Each structure stands twice: as structure tokens, then as C-alpha cells.
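# Inside the fold
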Amino acid sequence: MVWKFPIQVPLRAEEITIPPDVTPEKVPTHIVDYSEREQNVEQLRAEVNRSDVICIVYSVEDEDTLDRVTGHWLPLIRSTLGQQHQTPVILVGNKVDLVDYSTMEIVLQTMMEYPEIETCVECSARTLKNISEMFYYAQKAVLHPTAPLYILEERDLTEKCKKALIRIFKLTSGASSCRLFIQRGRHETTWTVLRRFGYNDNLQLTKDYLFPPSLRVPPGCSTELNHAGYSFLTNLFEKYDRDNDGNLSPQELIDLFSTCPVMPWGPDVLNSVHTNEKGWITLQGYLAQWTLWTLLDVQRTLEYFAYLGYSGTGDDNQLSAITITREKRIDLQKKQTMRNVYQCHVIGPRDSGKTTFCQGLLGRSLEEVQEIPEEKLSRHTISTLQVYGQEKYLVLHDIDVHNITDALMPNEVQCDVACLVYDVSNPKAFEYVARIYLKYFSESSIPVLFVANKSDMSPVRQDYILQPTAFCHKHKLPPPHIFSSASQPKKDIYTKLATMAAYPRFQAAWMLFYRSRHLKQLGVVVGEHSTWLKVGLGVAAIAAFALLLARALRSGER
Ligand code: CA
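The rules behind these values
Residues numbered from 1 in each chain as written. Predicted model: local features only at pLDDT ≥ 70, side-chain atom pairs only at ≥ 80, totals over all residues. Heavy atoms only, no water. pLDDT = per-residue confidence, 0-100. Contact = heavy atoms within 4.5 Å. Patch = residues over 30% accessible without salt bridge, like charges linked within 9 Å, V, L, I, M, F, W, Y side chains within 5 Å. Areas by Shrake-Rupley, 256 points an atom, 1.4 Å probe, with all protein chains shown as cover. Salt bridge = Lys/Arg side-chain N within 4 Å of Asp/Glu carboxyl O. Lys, Arg positive; Asp, Glu negative; His and termini not counted. Charge placed at Lys NZ, Arg CZ, Asp CG, Glu CD. Helix = DSSP H or I, 4+ residues; strand = E, 2+ residues; numbered from the N terminus. Buried < 20%, exposed > 50% of the residue type's maximum accessible area, 1.4 Å probe, protein only. Expected span 1.5 Å × (residues − 1). Core = buried A, V, L, I, M, F, W, Y, C linked by side-chain atoms within 4.5 Å. Donors = N, O, S within 2.8 Å, 3.2 Å for Na, K, Ca; no water. Tetrahedral: all angles 85-135°; square planar, octahedral: opposite > 155°, others 65-115°. Arc of directions from axis to C-beta. Polar contact = N/O pair within 3.5 Å; in protein donor to acceptor, adjacent residues only side chain to side chain. Pairing = 2+ DSSP bridges. Axes fitted to C-alpha atoms, helices over the stretch in contact; angles between N-to-C directions. Phe/Tyr/Trp six-rings, centres within 6.5 Å; stacked < 30°, edge-to-face > 60°. Parallel < 35°, antiparallel > 145°, perpendicular 65-115°, else oblique.

## What to know about the confidence of the model for the protein
- Chain-level pLDDT for the protein is 82 on average; 82% of the residues reach the 70-or-more range.
- Per-residue pLDDT stays below 50 along residues 1–24; that stretch engages in 42 contacts with residues further than four places along the chain or on separate chains.
- A low-confidence stretch, residues 174–178 stays under pLDDT 50, and its non-local contacts, those more than four residues away or across chains, total three contacts.

Here's what the structure looks like:
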């Protein structure tokens, strides 16, 4: 190895760069030379506090200087930095060219007593023997410190190190690339692996690793997982679905998250997504839950992707799993969207049957919903639906209106489609949602669907200036969708909501469509059908609607 080194080492500020064939890290090194003749102790203490590594130099031909290492210098450093300090110290025996013996045996004894001594080296400043090695060890002690990894007295790994290595081992499934060895002075491999999996010098995951700094989500945009994200998650699912039954049992789910600081999914998660008959999460439900997290709190997805080793599998960081969608305003202008996840706010009084309506998205019946304790319910449900041949996610967000004068927060209003739910058997119910519509949605571009819920009960006349159907007609809305949770929930209403969210500009066409299709149904249930019967659109409206939609789909493909 050719390594040129200046003969004259200046008192201060020397730049040393270790050749790249020794270590890939180039390390500018600032050297501070101290001798008792030139500086006082206070200056020394200040320098010791600032240093990353300390070299104590003694002369191999002068026993007194070696005695002063333990009698003076090491205690002085401890009294400056604290008894348990972790600044590495290197013992340097100089003038090795003058003697034909080694001081290593005495020095090894000292090393046992002072764990802060990282290593020792004998050298000659005159012949330059081992001088470059000394600086190499010094730099290595900073880059690859022992203290966080290994407790010398106990000859064992530290707890933090064990935890980190177990996580890495799980993430790599014990792959051969993860063969680790830790011995004193041979920590490069361990540190290389630890740093690659996001650990800092204190063996904590770095903030940059957990939260990549460049993620910006402009207003009006949303966050979705892309193909890379879903394929990472699917692989993870398959790895932990050990019995290959397509579901994660409670234990399999715990194992999947075992590389994370806490188990993040409580019972409410299992009530937000598809599960099997035992209540275990399916692959579909699992991917849906991640989709929901990514939509509502993308930082949390990024954080957990880091724990789960997304960044550890390549040079990418987690951002490569996320797509930031185009601003919704532009989607509306261009009449097309590339979004795959739509938010539907389900708004209505508490007793309007919203919970069962939202759980119906997951195919759960009224009886099944009644068995879920209230505290295990989530405000969100999410599932995939087919919208004109394309798979889209629909998120239902259950929002209570407690009082007739209740105000909605801006984030309770902003959504892709609003679903206003009232109980047909309660004469006061419609006024709640009618007021919400007038106050928040009548002037907005958000499509709205009223849902006449509990239609299995006897409908009553609503105690409001307009009956629901007349209200919808006046505001150019599709008439209320008749819904009941008493029978097995039907999927069509959720598909309608997703389609309205995907094609918001076609509200007028939707209205015609519904008018023609639901004439009879409305006549029976609401009993105020005269105006509707006169419209008589029938087949013509369906044809017009189909044409509009076909155009939209064609432009969406371009
Ligand atoms: Ca399983």
C-alpha cells in the first residue's frame, strides 16, 4: 500500500484522507497537537471536549512516559469527559526505531483496565513506521466505535446492539450477506451493516431514515402507494403468512411487525378492512389498511416502511413507494384523474345507521356489526371496488352530526364524494343533512348523494320545508338512494359512490340516470312521485349517460 504522508506534521489543521482502497469513507481529520510545555491544562480540557478521538503518545524507551499514561493522562481525560465517557483513546508508543523490544504486553494490561482504549500501536515518527496506521486506527475508532456495540468487561454485545442486529437479521431473513462479526478493532462490517439499515452512532434509527426529508404534499394533492409499495407489502405478507392460508393470524401479524418498536394495528384496524370468518386480516384487507394509512398519514407509512426494511433492501428510500397525485383542481379541469383512492364522507346524525352503512362496504351484516364493541370500531372503512373495469379504493369516513346547528371542520368537508345519510323513520332526520348540504356542499364541486337509510322501516313524512325527493330535484341532485342494512348489504351503492368520486363532473348525467332507474322505487317509498313521473326520461337518459361516460373513459386512457 502506497500512502504518502508529510514528514513535517504541522501543529494544527492537517488534512488526512484515507485512500479509498482502505475504506470508502474519506475523512478530513483535524489534528490538534498538545504538549505540556506549550499549552495549559484548561486549553487541553477544552480540546479534549471537542475531540472525536484522542491519541496518547508515550516513548517506548522511557518508562516514565508510559507510567504517566495511567498515572496522569487517562485520569485527566476521565476527569474532563466523565468516568464512563465514550471518546475512544488510542495509545501510541513512539520511538520504536530506538529499541529492540515491545511495550505491547504492558499496554495490553492497561487496555483491560481502561475500556475507552480502542487500540494501541507502536510507531516511529522519525522513520514514519506505522505513522499512517496510527491515523488510520484513530479515524476508524471514530467511524466504527466499539462502545455502542460491545461491553468489554462482560465480553458481550450491548442490548441496543443485540436489538438492532436481531431486526436486521429478521429483515434479511438471515441472508448470507448478513454474516456479522464483532471483535475488538474489527467493527467495520458491523457498522457498515448497521448504517445501511439506518442506525446512527448511538444505534438509534436516524430521523432521515425514518422520515425522508424531501416529501412535500401540496394542498389539493393526495398520497397513494404505487406498484413498488404494494409489491413490497405483498412480499412481506407472503413471508409472514407461514401457513399460506391467505390470512394473517394474530401471531403472524405480531411477527410481521416484530421489527417495529410497537405493534401499530389495534382491533379497530380489523374493523376497517376485510377479514376472514375468524376476524383475521386478509391480503386484500392488509393492503387496504396500508392504503388508508398512506392517504391519511403518509409520514406514518414512511416510518413503518423504514422499520420493516423497505430502505434496507436497496438504495431507494421509502419515497419510491409513494405517489403524490395531481392537484384535484387540475383533475376537475381536465375531467380525468389518475387517482386510485377516493374519500367518501358519510355524514349524518348519530342514530342514522351510518356505522352499519360503513361496515356494509366490507360485506358485514347488521347482526355482525352489532357484535362489535363500540370501542373497537373505526371511523374509517376501506375496500376496493370496480369502477368501469378498474379497481379503485373507496374510503368511507363516518362523521357524526350531533346537533342540528353543528358545524363541520374543513377537513370533514373536503372529500371526493359526500354521502348524506338520514333515517326514513325519523321525521326530524332529513333536516340535519339538508342543512349540511346547504351550508357546505351546494356551492362546491363535490358530488353529493343522499341516502334514505333504514328503508325496511315505515317511512314517515319529513318535518322539513321540502320532502327529500323534492329537495334533491330543486338542487339538481340525484334522488335519495334507498338503502337498508336489514338484508345482506348490496354493493351497488358503494360502487355508485366510487364512480361519482371518479367522475364528479358528470353529476348531471348521474341525476338523469337515477331518475329513470329509480322512478318506481321512489314512488313506492317516498310517496311524492308525481313530478318525477312527468319527467319520463327512461331509456334515452341511460343512453346519454353511457355516451358521456364512454367519452370520459376514452379521454382518461389518453
Ligand atoms: Ca396465515
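## A closer look at a negative patch on the surface
- Residues Glu61, Asp62, Glu63, Asp64 and Asp67 make up a contiguous surface patch of negative charge.
- Tracing the backbone through its elements, the reader meets aspartate 64 in helix 2 (residues 63–81).
- Its relative accessible area of 56% is what places aspartate 64 among the exposed residues.

## Looking at helix 5 (residues 159–172)
- Taking 1.5 Å per residue, 14 residues should reach 20 Å; helix 5 reaches 20 Å between its end C-alpha atoms and fits that length.
- On its buried face, helix 5 sits against strand 5 (156–157), helix 6 (188–196), helix 7 (207–210), helix 8 (227–240) and helix 12 (298–307).

## Remarks on the nonpolar core
- If you look at the biggest cluster of nonpolar residues, it comprises 54 residues, and the most contacted ones within it are Leu194, Phe257, Trp265, Tyr286 and Trp290.
- Counting residues per element, the ones that place at least two in this core are helix 5, helix 6, helix 7, helix 8, helix 9 (250–256), helix 11 (283–296), helix 12 and strand 12 (390–401).
- Dropping the residues within four chain positions of it, leucine 194 is found in contact with Leu149, Ala164, Leu165, Ile168, Tyr199 and Leu203.

## Details of the coordination of the calcium ion
- Protein-derived ligands of the calcium ion are Asp241 (OD), Asp243 (OD), Asp245 (OD), Asn247 (O), Glu252 (OE) and Glu252 (OE), with the metal-ligand distances lying across 2.2 to 2.9 Å.
- Bound by six donor atoms, the calcium ion shows angles of 49 to 156 degrees at the metal and therefore irregular coordination geometry.
- Mapped onto the polypeptide sequence, the residues donating to the calcium ion form the spacing pattern D-x1-D-x1-D-x1-N-x4-E.
- Using a relative accessible area of 34% as the deciding quantity, one classes aspartate 245 as partly exposed.

## A short note on helix 1 (residues 41–50)
- Where helix 1 is concerned, the buried positions are Leu44, Glu47 and Val48. Axial view of helix 1: buried residues confined to an arc of 100 degrees, hence all on one face. The outward face of helix 1, more than 90 degrees from its buried face, is lined by the exposed residues Glu42 and Arg50.
- Near the N-terminus of helix 1, the side chain that reaches the backbone nitrogen of glutamate 42, with its oxygen 3.1 Å away, is that of asparagine 40.

## Examining the sheet that holds strand 3 (residues 117–122)
- One open sheet holds the three strands; their spatial order is 1-2-3, and the pairing between them is parallel. Two strands lie at the open edges of the sheet, namely strand 1 (54–59) and strand 3, each paired on one side alone. Each neighbouring strand pair of the sheet contributes to a mean axis angle of 20 degrees, computed without reference to strand direction.
- Pairing of strand 2 (residues 89–94) with strand 3, which is carried by five bridges, proceeds in the parallel orientation. Among the inter-strand pairings, leucine 91 is bridged to a residue of strand 3, identified as cysteine 120.
- Strands in contact with helix 2 are strand 1, strand 2 and strand 3; relative to strand 1, the strand with the most contacts, it is inclined by about 160 degrees.
- Where helix 3 (residues 104–113) meets the sheet, it contacts strand 1, strand 2 and strand 3, and its direction lies at approximately 170 degrees from that of strand 3.

## Comments concerning the sheet that holds strand 15 (residues 481–482)
- Strand order across the open sheet formed by six strands is 11-12-10-13-14-15, with mixed pairing between neighbours. The outermost strands of the open sheet, each flanked by one partner alone, are strand 11 (380–387) and strand 15.
- The pairing of strand 14 (residues 448–453) with strand 15 spans two bridges and is classified as parallel. Within strand 15, the residue paired with valine 451 across the bridge is histidine 481.
- Packing against the sheet, helix 11 makes contact with strand 10 (341–349), strand 11 and strand 12, and its axis sits at approximately 110 degrees to strand 11.

## Section: the packing of aromatic side chains
- Applying the stated criterion across every chain, the model contains 28 aromatic pairs.
- Centroid distance phenylalanine 305 to tyrosine 310: 5.4 Å. Interplanar angle 40 degrees. Geometry classified as tilted.
- Looking at tyrosine 310, the relative accessible area reads 7%, which means it is buried.
- Taken together, the ring pairs in this structure connect Phe232, Phe237, Phe257, Trp265, Tyr286, Trp290, Trp293, Tyr304, Phe305, Tyr307 and Tyr310 into an aromatic cluster.

## Section: the side chain of histidine 85
- Among the structural elements, histidine 85 can be located in the loop between helix 2 and strand 2.
- A distance of 3.1 Å separates a polar side-chain atom of histidine 85 from the backbone nitrogen of threonine 87.
- The contact partners of histidine 85, leaving out residues within four places of it in the chain, are Ile77, Arg78 and Glu116.

## Quick look at the packing of helix 11 against helix 12
- At a minimum axis distance of 5 Å, the contact between helix 11 and helix 12 shows a crossing angle of 125 degrees. By the angle between their directions, the pair helix 11 and helix 12 is classed as oblique. Only Val298, Arg300, Thr301, Tyr304 and Phe305 of helix 12 make contact with helix 11, whose side of the interface consists of Trp290, Trp293, Thr294 and Leu296.

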